[in-house]
Amino acid sequence: MQACGCGEDQIPWMLAKFGFLGTAGLVLTGLVVMMLAGWALGAVVWFLRRRVRDGGGEARSGSGTGLAGFTWRDDEEP
């Protein structure tokens, strides 16, 4: 099969198959899906960290403040 000389052999496959708006739509859809996945992952991490932080009155270790091995108890609940 020969090209017609109008540059169709230089057009990327996706652009040739779906057109400009279809390709732009696919790219934007991919970006939106990645953004929603990032938000969902961030929400899961936030929920898990909040759940661990609000775990109750049991002893907890310091969170990287340079007080290695120091633990404390919550005597008063707010």
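Residues numbered from 1 in each chain as written. Predicted model: local features only at pLDDT ≥ 70, side-chain atom pairs only at ≥ 80, totals over all residues. Heavy atoms only, no water.

A look at the overall build of the chain
Within the chain one finds 1 helix and 2 strands. Listing the helices and strands of the chain from first to last along the sequence gives α-β-β. Each of the 78 residues in the chain was classed as buried or not, and the buried ones make up 1%. Here the chain has roughly 7,200 Å² of accessible surface; of this, 64% comes from carbon and sulfur atoms. (Helix = DSSP H or I, 4+ residues; strand = E, 2+ residues; numbered from the N terminus. Buried < 20%, exposed > 50% of the residue type's maximum accessible area, 1.4 Å probe, protein only. Areas by Shrake-Rupley, 256 points an atom, 1.4 Å probe, with all protein chains shown as cover.)

Quick look at helix H1 (residues 13-53)
Relative to the 60 Å expected for 41 residues at 1.5 Å per residue, H1 spans just 51 Å between its end C-alpha atoms, considerably shorter than the ideal helical length. Along H1, the helix axis deviates most sharply at Gly 19, where the bend reaches about 115°. (Expected span 1.5 Å × (residues − 1). Bend = angle between axes of the 7 residues up to and from the residue.)

Concerning a nonpolar patch on the surface
Taken together, the side chains of Trp 13, Met 14, Phe 18 and Leu 26 define a hydrophobic patch exposed on the protein surface, amounting to about 420 Å² of accessible area. Here Leu 26 falls in the partly exposed class, since its relative accessible area comes to 43%. (Patch = residues over 30% accessible without salt bridge, like charges linked within 9 Å, V, L, I, M, F, W, Y side chains within 5 Å. Salt bridge = Lys/Arg side-chain N within 4 Å of Asp/Glu carboxyl O.)

Topic: the confidence of the model for the chain
Averaged over the chain, the pLDDT score is 77; the fraction of residues at 70 or greater is 64%. Per-element mean pLDDT across the chain ranges from 50 in strand S1 (residues 60-61) up to 90 in H1. (pLDDT = per-residue confidence, 0-100.)

Remarks on the side chain of Thr 23
With respect to the helices, strands and loops of the structure, Thr 23 is situated in helix H1. Owing to a relative accessible area of 16%, Thr 23 belongs among the buried residues under this scheme. Engagement of the side chain of Thr 23 in a polar contact is seen with the backbone oxygen of Gly 19, the distance being 2.9 Å. Contact partners of Thr 23, with chain neighbours within four places excluded, come to Met 14, Leu 15 and Phe 18. (Polar contact = N/O pair within 3.5 Å; in protein donor to acceptor, adjacent residues only side chain to side chain. Contact = heavy atoms within 4.5 Å.)

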